[in-house]
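The chain contents come next:
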Amino acid sequence: MAQTQPQAAGVNGTSSNGNRPDQGGFKLKFCTVCASNQNRSMESHLRLAAANYPVISFGTGSLVRLPGPSISQPNVYQFNKTSYDSMYKELEAKDPRLYRANGLLNMLERNRGVKWGPERWQDWQVGVPRLEHTSDRGSEGVEGGVVDVVITCEERCWDAVIDDLLNRGSPLNRPVHVINVDIKDNHEEALIGGKGILDLADSLNKAAAEERALNPAGFDSGNAASRSGFDERVPEIIGEWQERWPNLPAVWTLAWF
Amino acid sequence: MAAPPSSVEEQIKQLGDARKLVLSDPTYYTPIIQGILPIVAPGARVELRRWAADFFAETFASPTIPASQKETLSLIVLETLRGLIENPSEDAAVVKSAVQTAASAYPLVFRYIINNPHDTLTWERMLAIKSRIFRIWDSAAPGVRICCVKFAQRVVLVQTKGPDADPRRGDPLEVSLSMVPPDHKLIPPKSLEAEASGLLDRMLAVFQENISDAVLVDATLNSLSILIRARPHIANKILNVILNFNPLKQANSPMTPKIRVMVKSMEKTTRALLVHILKRDPQNPLGPRIQQYVERMMRSRADIFDDASRKRGPPEPTDGLDHAKRQKLGAQVTNAAPKFYVPPLKPGPHTIAELFTVTGDEALKAFDVAMLSEDLVVKIGITILQRIDAETLNQAIDGIRQRYKSLGPSQPELLNPETAPLGVDEDDDDYEPDFSTAETEEQILNKLDLISPDVEKVTATDMALGHFTLPQPPPLTTSQATEVGQGTVSRVFGVMQTLEEKIKKTKGGINRLAASSFDRDAWITILTRLATRTFTGLDGTEEEVKAEPSESEQQSLANMIRESLFLYILEDFRKRIDIAIAWLCEEWYNDQVQVKVNETAVLHYEKWVLKIMDGMIPYLDASDRNVLVRFVSEIPGLSPGVLERLKGLCKNPATVTIALTSLLFLTMQKPPAKKMVLGVVEEIWDTYEDARPFALKLFAKYIPGLGDRGKSQDEEKKSNGMEAIAA
């Protein structure tokens, strides 16, 4: 659930990151995941997309839950069926003052500029082409429906993602790094978390691009330890990143699609 | 492709267009794959070879292409794939994709060979690829090695006996040795099974080796779930190896950030796999061991990582003769009495052993040297004498000498604390054993008693106050009383919340609150009883007076406490479910008592049970099984309303499982409610079609004929279910 804080009301994610020019070259494909595919995953989705990474995003909850007038009256929506735009319109009609003050309308405004609506991780058919998503931010490069790195924003979501991948039985034989970056669910923390995730993505992509550029004489000539590829450098990269972002505790594993 | 050779960028762009075409329409795969084959020739540019290898991997993994089409495609690419994998100077990224492709193609080719036992050529190609992958498994870069592990996992899955499946059907996850006729010429099942067993051992070796490479360990762990699930006869072997694996092995040395990430990752991944297995198969005979392992891992992980974040390294042992302390003492020894070293004996009789014991370590004191052989004692003695610092030895001897003297005629003088100076140096205090500190305090008090009895008596009489009565406070109005009452309630909640904070901290080592009874639980009991019972007695008296308005005032105060409790629970219902249950038990009990006194009493239990459930339900998801089962099984009374809520949970596909599990639990554990619960299950069956498979699994033995129930109504119910979802 996207807990919102009144003091974060003025924060608007839509224009906080300048779109940086595309350097071209090799790009890892990312996927960001939080509980409701609203706040944390969408903030980092936008950030990664603005940095020209192919990116998609999901939520692992059973339903999309947004704060309502009281703790026992949340606004609940179905995944994959309700667009950010319709949620925006509904909440605006219900109580524009409340939902503006708690930042929900700003958040939905940002989200509807990124993609159509919240998607549920467990319903994602990995490997099925995503050609109908061309208007989504960051959709270029993920047409094949697979990614290289999944970044979750809460340990519960990481657990849900891993459990789901184990459930699927790894039919695609494709390795995927699944990294949790623990971010508190409010607008302010989501902004900080988004920066942290972009830094992580840059570090990972740098290593992956270096591996592709190496092009050694042969993969089993000489000993393997002399060259380090992307996969084995990931723990080191995360370790270094963690030193830079000590307040965003990270967990990582190498899983399979 | 058929396009004439142009710049690499241009070619890749054309290839990208071709890929988009097949992504939107899989029927074009065959011509496009055939067109791509020439560009992966050994002489082609590495960019093109990488593109093509990635494309192969994607194609054979794609869930949109029917298995029969993939089978045909696999025969087309097999020779090219072999070329890529066997080329010793091939680019690592290309090989990585090629191995992934091989892993996806293996079950396809295997099934083709089952049906075409005479195609030796194809099988030989596949065998060449397989043996090449197993050769590079140990020597290639980790990125390639993990894909070799995955390939091996696929081979094991295919070459072990699985549940019977139709060999003509598609799912490559279902291809197994059970489909192979026993007399198959190319693929004799016996030898394939032996090969699979060897491969599995080789995969599992990563858990037994000393080098722990997290990338390999994680990759292996995350590939095992399907083997454990779909191949029960090898599941025990796999689980036993994992249960003997210690992912925290590397954690005792000082950890670099990288090792920290790796250790955490291996621990978390191991636990995730085991929890997954336990969740899928709660009846697993290894269940208790898995549970134990998971709990142990969580504890050790908390110790290692929480400790490390608080303070580096474990605390020093508190042995009095510990090396570090000895050094510190050594500096003081030059001008301090040797008594520092050897604590004086307590008063009373002593054994000779006690006289000569200089260590404070209880474990060491209990050790009987006589158990050692004489030779060994002599050896140890000589080594110690050779190494020991002469000064230290002298001090120890002096200490013992002092003790010995104290046992003689001067004993009472030294050991009678009455005469010992009270103003002890701080330094002395540090090395005073506990028992003597206690005695000293007591003695100080004794001394004070002796000195000051007179003075005390005098002041007591002088200071005595005259008789004083507080004036009566002005009477409170009802609204003031309510207001004050509300203030009190919110204050009690405030206290409770701070207590909760502290309880969390006690895990960090400060264990002060656990000892007193003013902990959170105590306050919760007080609150729940305040809410439920405060007015019970009063109601009885007021009934006779018929003071209606005042009763409603009081009720509203009680209800206010209830409202606060309700909100408090909902704020974090997963952690506070115990509070909810405690409270509801109180409500239920109070209702029962009330009904005895007065038949028409207002009952609260049912109302609040439903309110709590309604509050929780929107937030429940599949992982909340324990919370829900605990709630419905521990509340003291079940009503149709509660069951109606559980039924409602079946609307949402994510909560069907937990709703039905809790109903099953009620069926098994609450015999009086069984009939009612099974009735609800039948209603669920009729209403929610999606819940049927799971309901059948759980309740088939309780409701005979459940599977055949209401088949004719399917169509209309379908639309019902859809409407119910749109909430």
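Counting of residues starts from 1 at the beginning of each chain's written sequence and follows it residue by residue. Here the convention is simple: chains get letters from A, ligands get numbers from 1, in the order in which they are written. The predicted nature of this model means local features are confined to residues of pLDDT at least 70 and side-chain atom pairs, given and counted, to a pLDDT of 80 or more, with totals for whole chains, interfaces and linings taken over all residues. Side-chain metrics in this entry use all non-hydrogen atoms of the structure; hydrogen atoms and water are not considered.

Considering the overall build of chain A
Moving on, step 1. By the criteria applied, helices consist of DSSP H or I runs no shorter than four residues and strands consist of E runs no shorter than two, each listed in order from the N terminus. Helix and strand content of chain A: seven helices and seven strands.
Moving on, step 2. Element order for chain A, N to C, with α for helix and β for strand: β-α-β-β-β-α-α-α-β-α-β-α-α-β.
Moving on, step 3. Considering chain A as a whole, with its 257 residues, one finds that 60% of them fall into the buried category.
Moving on, step 4. The contacts in chain A between residues at least 6 apart in sequence include a share of 74% that link residues at least 24 apart.
Moving on, step 5. We get accessible surface area from the Shrake-Rupley algorithm with a probe of 1.4 Å; when it comes to residues, only the shown protein chains can shield them. Split by element, the accessible area of chain A, about 9,400 Å² in all, is 49% carbon and sulfur. Type-normalised accessible area, obtained with a 1.4 Å probe on protein chains alone, sets the label of each residue: buried when under 20%, exposed when over 50%, and partly exposed for intermediate values. The contact definition used throughout considers only heavy atoms, calling two residues in contact when any of these lie within 4.5 Å.

A look at the overall build of chain B
Moving on, step 1. The helix and strand tally for chain B stands at 34 helices and zero strands.
Moving on, step 2. When burial is assessed residue by residue, chain B has 41% of its 727 residues classed as buried.
Moving on, step 3. Sequence separation of at least 24 residues holds for 67% of the intrachain contacts in chain B that already meet a minimum separation of 6.
Moving on, step 4. With an accessible surface of roughly 39,700 Å², chain B has 57% of that area assigned to carbon and sulfur atoms.

Here's the deal with the sheet that holds strand β7 (residues 250-256) of chain A
Residues and elements named next belong to chain A.
Moving on, step 1. Only strands that DSSP links by at least two bridges are regarded as paired with each other. Spatial strand order, β2-β1-β5-β6-β7: five strands in an open sheet with mixed pairing. Both edges of this open sheet fall to β2 (55-59) and β7, since each of them pairs with a single strand only. Between one strand axis and the next, the sheet turns by 20° as a mean value, whatever way the strands run.
Moving on, step 2. Note: strand β6 (residues 175-181) against β7, seven bridges, orientation antiparallel. Residue pairing in the sheet places Asn180 in a bridge with Val251 of β7.
Moving on, step 3. Angular values range over 0 to 180 degrees, each being the angle between N-to-C directions of two axes fitted as lines to C-alpha atoms, with helices fitted over their stretch in contact. Along the sheet, helix α7 (residues 230-244) contacts β6 and β7; its crossing angle with β7, the most-contacted strand, is approximately 165°.

Notes on the packing of aromatic side chains
Moving on, step 1. Stacked, edge-to-face and tilted are the three classes for Phe, Tyr and Trp ring pairs, Trp counted by its six-membered ring, which pair at centre distances within 6.5 Å; planes under 30 degrees apart are stacked, over 60 edge-to-face, the rest tilted. A full pass over the atoms with the stated rule returns 18 aromatic pairs over all chains.
Moving on, step 2. Ring geometry for Trp241 of chain A against Trp245 of chain A: centres 6.4 Å apart, planes inclined by 20°, an arrangement best described as stacked.
Moving on, step 3. On the basis of relative accessible area, Trp241 of chain A is assigned to the buried category, the value being 0%.
Moving on, step 4. The side chain of Lys115 of chain A reaches across the aromatic face of Phe58 of chain A, ending 5.9 Å from its centre.
Moving on, step 5. We call a charge positioned above a ring when the Lys NZ or Arg CZ atom is no farther than 6 Å from the ring centre and deviates by at most 35 degrees from the ring normal. The ring of Phe566 of chain B has Lys611 of chain B sitting right over it, with the charged end atom 5.1 Å from the ring centre.

Let's talk about the pattern of salt bridges
Moving on, step 1. Any carboxyl oxygen of Asp or Glu that lies within 4 Å of a side-chain nitrogen of Lys or Arg is treated as forming a salt bridge with it. The tally for this structure, following the rule as stated, stands at 43 salt bridges over all chains.
Moving on, step 2. Between Arg244 of chain A and Asp199 of chain A there is a salt bridge, and its shortest N-O distance comes to 3.0 Å. Linking Arg244 of chain A in helix α7 with Asp199 of chain A in helix α6 (residues 187-214), this pair joins segments that are 45 residues apart in sequence.
Moving on, step 3. For Arg244 of chain A, a relative accessible area of 45% gives the class partly exposed.
Moving on, step 4. Among the ionic pairs, Lys161 of chain B bridges to Glu193 of chain B, the shortest N-O distance being 3.7 Å. Taken together, the residues Lys161 of chain B in the loop between α7 (142-158) and α8 (189-204) and Glu193 of chain B in helix α8 connect sequence positions 32 residues apart.
Moving on, step 5. On the accessibility criterion, Lys161 of chain B (42% relative accessible area) is partly exposed.

What to know about the confidence of the model for chain A
Residues and elements named next belong to chain A.
Moving on, step 1. Mean pLDDT over chain A works out to 86, with 87% of the residues at or above the 70 mark.
Moving on, step 2. Each residue carries a pLDDT value, the predictor's own confidence for that position, ranging from 0 to 100. Taken as a whole, residues 1-18 scores under 50 in pLDDT and shows 41 contacts with residues more than four places along the chain or in a different chain.
Moving on, step 3. Between residues 216-226, whose pLDDT stays under 50, and residues either more than four places distant or in other chains, the model counts 26 contacts.

Observations concerning the environment of Asp91 of chain B
Residues and elements named next belong to chain B.
Moving on, step 1. Structurally, Asp91 can be placed in the loop between α4 (67-86) and α5 (92-115).
Moving on, step 2. Taking the C-alpha atoms as reference points, Asp91 and Glu47, 44 residues apart in sequence, are found 9.8 Å from one another.
Moving on, step 3. N or O atoms closer than or at 3.5 Å make up a polar contact, with two conditions inside protein: a donor-capable atom paired with an acceptor-capable one, and, for residues adjacent in sequence, both atoms drawn from side chains. Within polar-contact distance, the side chain of Asp91 engages the side chain of Arg50 at 2.8 Å.

Remarks on the packing of helix α30 (residues 640-649) of chain B against helix α31 (residues 656-669) of chain B
Residues and elements named next belong to chain B.
Moving on, step 1. Across the interface, α30 lies against α31 with an axial gap of 7 Å and an inter-helix angle of 145°. The residues of α31 that touch α30, namely those facing Leu643, Leu646 and Leu649, are Val656, Ala659, Ser662, Leu663 and Leu666.
Moving on, step 2. Split into classes, the residues belonging to the contact of α30 with α31 amount to seven nonpolar, one polar and no charged. Each residue receives one of three labels: charged for Asp, Glu, Lys and Arg, nonpolar for Ala, Val, Leu, Ile, Met, Phe, Trp, Tyr, Cys and Pro, and polar for the others, Gly being one of them.

Some thoughts on the confidence of the model for chain B
All names here are of chain B.
Moving on, step 1. Per-residue confidence for chain B gives a mean pLDDT of 77; residues scoring 70 or more make up 75%.
Moving on, step 2. This model gives residues 410-439 a pLDDT under 50, and the stretch forms 23 contacts once residues within four places in sequence are excluded.
Moving on, step 3. Note on residues 452-460: pLDDT is under 50 here. Beyond four places in sequence and across chains, it has zero contacts.

Some details on helix α2 (residues 29-36) of chain B
Residues and elements named next belong to chain B.
Moving on, step 1. When we look at burial in α2, the residues that qualify are Tyr29, Ile32, Ile33 and Ile36. On an axial view of α2, the arc spanned by its buried residues comes to 100°, and they lie on one face.
Moving on, step 2. Among the structural elements, α1 (8-24), α3 (46-61) and α4 are those in contact with the buried residues of α2. As used here, the arc is the angular range of directions from the helix axis to the C-beta atoms.

Quick look at the interface of chain B and chain A
Moving on, step 1. On the chain A side, the residues contacting the 75 residues of chain B number 57 residues.
Moving on, step 2. Note on terms: buried area is the combined drop in 1.4 Å-probe accessible area of two parts once they are placed together, counting the loss on both. Overall, the association of chain B and chain A removes approximately 5,500 Å² of surface from exposure, summing both partners, and the carbon and sulfur fraction of that is 57%.
Moving on, step 3. Considering only the surface of chain B that becomes buried against chain A, Asn222, Lys268 and Tyr619 of chain B emerge as the three largest contributors, covering 12% of it.
Moving on, step 4. On the surface where chain B and chain A come into contact, there are six salt bridges.
Moving on, step 5. On the surface where chain B and chain A come into contact, there are 26 residue pairs in polar contact (both at pLDDT 80 or more).
Moving on, step 6. For the side of chain B that touches chain A, the leading source of residues is helix α12 (residues 257-280) of chain B, giving 13 residues.
Moving on, step 7. Across the side of chain B that touches chain A, the residue classes break down as 34 nonpolar, 18 polar and 23 charged.

A closer look at the environment of Met560 of chain B
Residue and element names in this part refer to chain B.
Moving on, step 1. By the secondary structure assignment, Met560 is in helix α26 (residues 548-571).
Moving on, step 2. The buried category is assigned to Met560, whose relative accessible area is 18%.
Moving on, step 3. Separated by 78 residues in sequence, Met560 and Thr482 place their C-alpha atoms 9.9 Å apart.

Some details on the pairing of strand β5 (residues 149-152) of chain A
Regular strands place their side chains on alternate faces of the sheet.
Residue and element names in this part refer to chain A.
Moving on, step 1. The alternating pattern of β5 places Val149 and Ile151 and Val150 and Thr152 on opposite faces, both of which are buried.
Moving on, step 2. The pairing of β5 with β6 spans four bridges and is classified as parallel. Paired with Val150 across the strands is Val178, a residue of β6.

Concerning a nonpolar patch on the surface
Residue and element names in this part refer to chain B.
Moving on, step 1. Like charges within 9 Å and nonpolar side chains (Val, Leu, Ile, Met, Phe, Trp, Tyr) within 5 Å are joined into patches, using only residues over 30% in relative accessible area that form no salt bridge. A cluster of nonpolar side chains, namely Leu376, Ile380, Ile384, Leu385, Ile388, Leu393 and Ile397, defines an oily patch on the protein surface of about 560 Å² accessible area.
Moving on, step 2. When contributions to the nonpolar patch are tallied by element, the ones reaching two or more residues are α17 (374-387) and α18 (390-407).
Moving on, step 3. It is α17 that provides the largest number of residues to the nonpolar patch, a total of four residues.
Moving on, step 4. Inspection of the secondary structure puts Leu385 in helix α17.
Moving on, step 5. Leu385 gets classed as exposed once you look at its relative accessible area, which sits at 59%.

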